[in-house]
Structure formats: C-alpha cells, structure tokens
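Each chain, letter by letter, is given below.
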Amino acid sequence: MVLLAACGQGSPSNAPQDDGAVRERDVRFDTSDGLTLTGRLFGRGKVGVTLTHMFPADATSWYPAARRLARAGYMAVAFNFRGYATSEGDKEIGKT
C-alpha cells in the first residue's frame, strides 16, 4: 500500500539546491493504544509525502525515494507499521 498525502497546493516553493545533502532524522509516533511507531523524516518542504512500506519490507525500502523527494523540495516521511523494524507491537498481516 502506498499513501501519498499532500499538505499544500502546487509545486513546492522552497526547493533546495541539489547538492546531494538531504536533511533527515528519526521520528516516533504514539498510537492511541499506547504503542510507539518509528520512522524517518526527510527534507523541509511545505508539501508532504507519506511513504508506507509493503510486506515483508520495512520503511528503509523507501529511503532512496524519500531522499529524491527531499532533493526535489518535498518533505517525506517513511514509517514502520506495528512490529516492523523498531516499531512496537505485533505484525498484523491481513487484519483490518
């Protein structure tokens, strides 16, 4: 599943120079039932993109694409579902 979420309109207005360097940092999200999910945030753009991994991969599968998006002026976040990488909880494959 891929979820793309835009937080603005049009093209990003603050596209950085393409010097290859991308600002990135680890992030954590608390769930309503008390678990912590982990991910990585890339870039500083005003338009955001959320990258969700597929089975059996984790968020690292999106890191190259997230860096390309950040170099193009977007902010991108790749996160791990429950039970993947350092996200807490159990994998619930196929459960809705």
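Now for a look at the structure at hand. (Residues numbered from 1 in each chain as written. Predicted model: local features only at pLDDT ≥ 70, side-chain atom pairs only at ≥ 80, totals over all residues. Heavy atoms only, no water.)

The buried fraction of strand E4 (residues 75–79) is high, at 4 of 5 residues. As defined by bridge partners, strand E2 (residues 36–42) adjoins E4 across 4 bridges and the pair is classed as antiparallel. Bridging across to E4, Gly39 finds its partner in Phe79. Handedness of the strand E3 (residues 48–52)-helix H1 (residues 63–71)-E4 crossover: right-handed. (Buried < 20%, exposed > 50% of the residue type's maximum accessible area, 1.4 Å probe, protein only. Helix = DSSP H or I, 4+ residues; strand = E, 2+ residues; numbered from the N terminus. Pairing = 2+ DSSP bridges. Right-handed = clockwise from strand over helix to strand, strands pointing away.)

This part takes up the pattern of salt bridges. One pass over the structure, following the stated rule, counts 4 salt bridges. Asp26 is paired through a salt bridge with Arg40; the nearest N and O atoms lie 2.4 Å apart. Here Arg40 lies in strand E2 and Asp26 lies in strand E1 (residues 24–30), a separation of 14 residues in the sequence. A residue is classified by how much of its surface remains accessible, and Asp26, at 56% relative accessible area, is exposed. Across the salt bridge formed by Arg82 and Asp33, the nearest N and O atoms sit 2.9 Å from each other. One end of the pair, Arg82, is in the segment after E4; the other, Asp33, is in the loop between E1 and E2, and 49 residues separate them in sequence. Here the salt bridges share partners, and the residues they tie into one network are Glu24, Asp26, Arg40 and Arg67. (Salt bridge = Lys/Arg side-chain N within 4 Å of Asp/Glu carboxyl O.)

What follows is about the packing of aromatic side chains. By the definition in use, this model includes 2 aromatic pairs. Lying over the aromatic face of Tyr84, Lys91 brings its terminal NZ or CZ to 4.4 Å of the ring centre. (Phe/Tyr/Trp six-rings, centres within 6.5 Å; stacked < 30°, edge-to-face > 60°. Lys NZ or Arg CZ within 6 Å of the ring centre and 35° of its normal.)

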